[in-house]
Every structure is written in structure tokens, then in C-alpha cells.
Amino acid sequence: MDKNAKIYIAGHRGLVGSAILRNLQAHGYKQLITRTHAELDLTRQEATETLFAKEKPDYVFLAAAKVGGIHANNGYPADFIASNLAIQSNVINAAYCNSVKRLLFLGSSCIYPRLAAQPLKEESLLTGPLEATNRPYALAKIAGIEMCWSYNRQYGTRFLAAMPTNLYGPGDNYHPDDSHVIPALIRKFHEAKQAKALTVSVWGTGTPRREFMYSEDMADACIFLMNLPDDTFNTLLGSEEAATGIFMPPVVNIGVGEDLTIRELAATVKSVVGYSGEIEFDSTKPDGTPRKLMDVKRLTALGWRAPTAFDQGLRNAYKDALTTGGIGHHGHE
């Protein structure tokens, strides 16, 4: 990507998009296009098309999405599938209509079957049933991958999908009901420390294994992918399955390639926050998928590895949450 190329970051205020925006700014990209949700509702086709026709971006990072944890996914399934299908359909089609050079569609590890072989390989897509708690969101993301793949086949576009593992970092969502596991735990332990509570209750049994990646590292991987030479980038854009019989979606997993139990995670967050009480596990609450570890061989073969150690990333995230008001005495309900 030329430093003067026009780059649109859809969803630049979210955890993923804000990290991508910071990385692009740090690397000296000058013409960055952003719109807040108030300025542009990407679920509206006409508004989305108007933006693309006006700005004519060369590259697009599609990080805009409706996201949330188990609680939010369970509570609002219609919102999750409808909003995400609309956003990605509008952006991907507008990118094609306006001759965008490359598009990176950001998905999530929940696209893979609930009981897929570990670590999760890109070609495990569509090989089994999904986790019920986030199926509407996962199906929307799978449709986005298929849309990128279909446009690549039919129109010769160069649309790639990146599937990050569980992310945490600056600008995370610390809402008590709608947050993911790391911000939820940071908030819980912080509030317990403030209140001098004797115990902290953590959802589930503590036995599921999860992989976590610092959001700044994820952004670095995304920009690395978008800067690959043409011949390398083209090999990632999905197979011509009907002709070759090979099923290889235009997907690259982004992760660290190692995981830990929720019990180990809770202990690490407790230590980083400086909470001195006890942890109790509430086994009446759902565990979610037993294990989710990404196979990152495709990414490492291209020459990229995550640089940030987990405890260092957590310290950074906690510091950011305290300084930006993500958590504190009042949080941001």
C-alpha cells in the first residue's frame, strides 16, 4: 500500500478498527478515511454507496460489525445476524463497484465448527455445526467470507478475510453485560479490589481453553497482509473449487498459536490488577466452546509472528482501561 493511498477503515472506533487506524497512522499513511456510526450507518445501502462514490478508497479494512459476548449474542440474535449481513453486503459490493484494489474483511474464530479439530485450520470452515450461542453472528461472518470468495471468482476482485482469535487491548468494551471475557474479568477484579471483596465469581468451570491476542499485534498482522506482494497476496484469495476440487477459502487465521485455560486466565488478570482475594468458579453458568485455538501456520509461513507477551499485553490493556475511563468507580454504562 502506497503511503498516499486512500484507505477506508470501516469501524475505526471498535477494538479492531481503532488498532488498525493507530497502526496505519504510526506507519505514515496519510489519506485515512473514517466515519463514525453517527456520520454513516453502514447498514444503509444508499449511504454506504454514496461514501464509496465520493471518497473512492484504494484499500478497505472492513472492521465494522455488531459484536458482543455470550450474553449479548444470546439476547439479541436477530440484531447480530441482520446488522452484520447488511454491513458487510453493503461494503463489499460498494468496494467492487468502486474498483477497490484490496479489501480485508475481519471475521472471528467463531466461524469454525464448535467441535472442529484443534488447532482450527482455515479449511475447517463449513465442516460441522456451529456453537449455538453465537451462531447468528458466525453465519453472518461466514456469508461475508463466501461473498469475498464469490466476488473474487466472478469479478476478479482481491478481497481477503482475516480471522482473528480472541482479542483484547486498548479501546476494549468494558460494559458489565456485553463485554468479552478479558475486559469482563479486568472489570470484575478491579471492582473487587476497589470494594475489598473477599471473592470474585467467574463464569463456568474454568476448564475451557482460549487463545488471546493483543489487538495492536492483530492490527500489525492485518497491515502486513495488505502489504504482501501481488503474487503472494493472490495465492490467499481462495481456490476455484469447482475446477480443482480443492476447498480453500480466502481466509487467513490471525493468532498467537498457543492457548490457556480460563482458570489460568483469571489468575493472570487477578495478578495484573493486583487483587488479593479468592476466585470462585460458577459452574451453573455456560462455558461456551471447550477449546478454540487457531492454526496460524498460514500466517507464520508468510513471515509474521505476534510480538507481545500475554502478561505485558494485559498490563497495557489494564492501564488503558484505567486512563481512558473504560473502568473505574463508574465505568461507562
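Residues numbered from 1 in each chain as written. Predicted model: local features only at pLDDT ≥ 70, side-chain atom pairs only at ≥ 80, totals over all residues. Heavy atoms only, no water.

Trainee: An account of the overall build of the protein chain is requested, with residue identities and associated values reported.
Mentor: The number of helices and strands found in the protein chain is twelve helices and 13 strands. Over its C-alpha atoms the protein chain spans a radius of gyration of 20 Å, differing by no more than 12% from the 20 Å that the globule rule assigns to 333 residues. Principal-axis analysis of the C-alpha atoms gives the protein chain an extent of 60 × 40 × 40 Å. Burial analysis of the protein chain (333 residues in total) assigns 51% to the buried set. (Helix = DSSP H or I, 4+ residues; strand = E, 2+ residues; numbered from the N terminus. Rg over C-alpha atoms; globule rule 2.2 N^0.38 Å. Buried < 20%, exposed > 50% of the residue type's maximum accessible area, 1.4 Å probe, protein only.)

Trainee: Just give me the short version of the pattern of salt bridges, but keep the residues and values in it.
Mentor: Taken as a whole and assessed by the stated rule, the structure comprises 14 salt bridges. Salt-bridge contacts for Arg153 lead to Glu146; the nearest nitrogen and oxygen are separated by 3.7 Å. Classification of Arg153 by relative accessible area gives partly exposed; the value is 39%. On the basis of relative accessible area, Glu146 is assigned to the partly exposed category, the value being 31%. (Salt bridge = Lys/Arg side-chain N within 4 Å of Asp/Glu carboxyl O.)

Trainee: Break down the sheet that holds strand E11 (residues 260–261) for me, with residues and values.
Mentor: In spatial order, the strands read E11-E8-E13; together these three strands make up an open sheet with mixed pairing. Looking at which strands have only one partner, the edges of the open sheet turn out to be E11 and strand E13 (291–292). Inspection of the sheet shows strand E8 (residues 209–210) paired to E13 by two bridges, in the parallel sense. Bridging across to E13, Arg210 finds its partner in Lys292. (Pairing = 2+ DSSP bridges.)

Trainee: Describe the state of the cysteines, naming the residues involved and giving the relevant values.
Mentor: In this structure the tally under the stated criterion is zero disulfides. A disulfide-free cysteine, Cys110 has its sulfur positioned 16 Å from the sulfur of Cys148, the nearest such atom. Classification of Cys110 by relative accessible area gives buried; the value is 6%. (Disulfide = S-S within 2.5 Å.)

Trainee: Before we move on, could you go through helix H7 (residues 215–226) and cite the residues and values that matter?
Mentor: Given a rise of 1.5 Å per residue, twelve residues ought to cover 16 Å, and the 17 Å separating the end C-alpha atoms of H7 matches this to within 8%. With nine of its twelve residues buried, H7 lies for the most part within the structure. Regarding H7, the residues found buried are Ser215, Asp217, Met218, Ala219, Ala221, Cys222, Ile223, Leu225 and Met226. (Expected span 1.5 Å × (residues − 1).)

Trainee: Can you tell me about the sheet that holds strand E4 (residues 102–106), naming the residues and giving the values?
Mentor: The strands making up a sheet associate through backbone hydrogen bonding, with each pair oriented either parallel or antiparallel. The six strands lie next to each other as E2-E1-E3-E4-E5-E10, forming an open sheet whose pairing is parallel. Where the open sheet ends on each side, the last strands, each with one partner, are strand E2 (31–33) and strand E10 (251–254). Across the sheet, the axes of successive neighbouring strands diverge by a mean angle of 20°, strand direction being ignored. Where strand E3 (residues 59–62) and E4 come together, four bridges link them in parallel fashion. Paired with Val60 across the bridge in E4 is Leu103. (Axes fitted to C-alpha atoms, helices over the stretch in contact; angles between N-to-C directions.)

Trainee: Just give me the short version of the packing of aromatic side chains, but keep the residues and values in it.
Mentor: Overall, the coordinates contain eleven aromatic pairs when judged by the stated rule. For the ring pair Tyr168 and Phe310, a centre distance of 5.6 Å and an interplane angle of 85° mean the geometry is edge-to-face. Of the two residues, Tyr168 is situated in strand E6 (residues 166–168) and Phe310 in helix H12 (residues 310–324); the sequence distance between them amounts to 142 residues. For Phe310, a relative accessible area of 21% gives the class partly exposed. Site record: aromatic cluster; members linked through ring pairs are Tyr96, Tyr151, Tyr155 and Phe159. (Phe/Tyr/Trp six-rings, centres within 6.5 Å; stacked < 30°, edge-to-face > 60°.)

Trainee: Give me the nonpolar core: which residues, what numbers.
Mentor: Tyr8, Phe52 and Leu103 are the most contacted members of the largest nonpolar core, which has 40 residues in total. Secondary-structure elements contributing two or more residues to this core are strand E1 (6–10), helix H2 (45–55), E3, helix H4 (77–97), E4, helix H5 (135–155) and strand E5 (159–164). Ignoring anything within four residues of it in the chain, the contact list for Tyr8 reads Ile33, Leu40, Leu42, Leu51, Phe52, Pro57, Tyr59, Val60 and Phe61. Formed by 35 residues, the second largest nonpolar core is a distinct cluster that contains Tyr59, Ala162, Met218 and Ile254. (Core = buried A, V, L, I, M, F, W, Y, C linked by side-chain atoms within 4.5 Å. Contact = heavy atoms within 4.5 Å.)

Trainee: Could you give me a rundown of the confidence of the model for the protein chain, with the residues and numbers involved?
Mentor: Per-chain confidence: the protein chain averages 93 in pLDDT, with 97% of residues scoring 70 or above. Long-range and interchain partners of residues 329–333, a stretch whose pLDDT sits below 50, account for 13 contacts in this model, where long-range means more than four residues apart. (pLDDT = per-residue confidence, 0-100.)

Trainee: Can you break down the packing of helix H6 (residues 181–195) against H12 residue by residue, with the values?
Mentor: When two helices pack together, their arrangement is given by the angle between the helix axes and by the axis-to-axis distance. One way to put it is that H6 packs onto H12 with a least axis distance of 11 Å and a crossing angle of 65°. Once H6 is placed against H12, the crossing between them reads as right-handed. Contacts from Ile182, Ile186, His190 and Lys193 in H6 reach Phe310, Leu314, Ala317, Tyr318 and Leu322 in H12. (Left-handed = near helix turned anticlockwise from the far one by under 90°.)

Trainee: With reference to specific residues and values, describe the side chain of Asp259.
Mentor: Of note, Asp259 is situated in the loop between E10 and E11. Judged by relative accessible area, which is 14%, Asp259 ranks as buried. At 2.7 Å, the side chain of Asp259 and the side chain of Arg291 are in polar contact. Apart from residues no more than four positions distant in its own chain, Asp259 is found in contact with Arg209, Arg210, Glu211, Arg291 and Leu293. (Polar contact = N/O pair within 3.5 Å; in protein donor to acceptor, adjacent residues only side chain to side chain.)

Trainee: Give a detailed account of the environment of Phe310, specifying residues and quantitative values.
Mentor: For the pair Phe310 and Leu103, spaced 207 residues apart in sequence, the C-alpha to C-alpha distance is 29 Å. Excluding its chain neighbours within four sequence positions, the residues that come into contact with Phe310 are Tyr168, Ile182, Phe212, Leu260, Leu265 and Thr268.

Trainee: Break down the packing of H6 against helix H10 (residues 262–273) for me, citing the residues and quoting the values.
Mentor: Between H6 and H10, the shortest axis-to-axis distance is 9 Å and the interhelical angle comes to 45°. Classified by the angle their axes make, H6 and H10 are oblique. For H6 against H10, the interelement crossing comes out right-handed. The residues of H10 that touch H6, namely those facing Val181, Ile182, Leu185, Ile186, Phe189, His190 and Lys193, are Ile262, Leu265, Ala266, Val269, Lys270 and Val273. Of the residues contributing to the contact of H6 with H10, the split by class is ten nonpolar, one polar and two charged. (Parallel < 35°, antiparallel > 145°, perpendicular 65-115°, else oblique. Nonpolar A, V, L, I, M, F, W, Y, C, P; charged D, E, K, R; others polar.)

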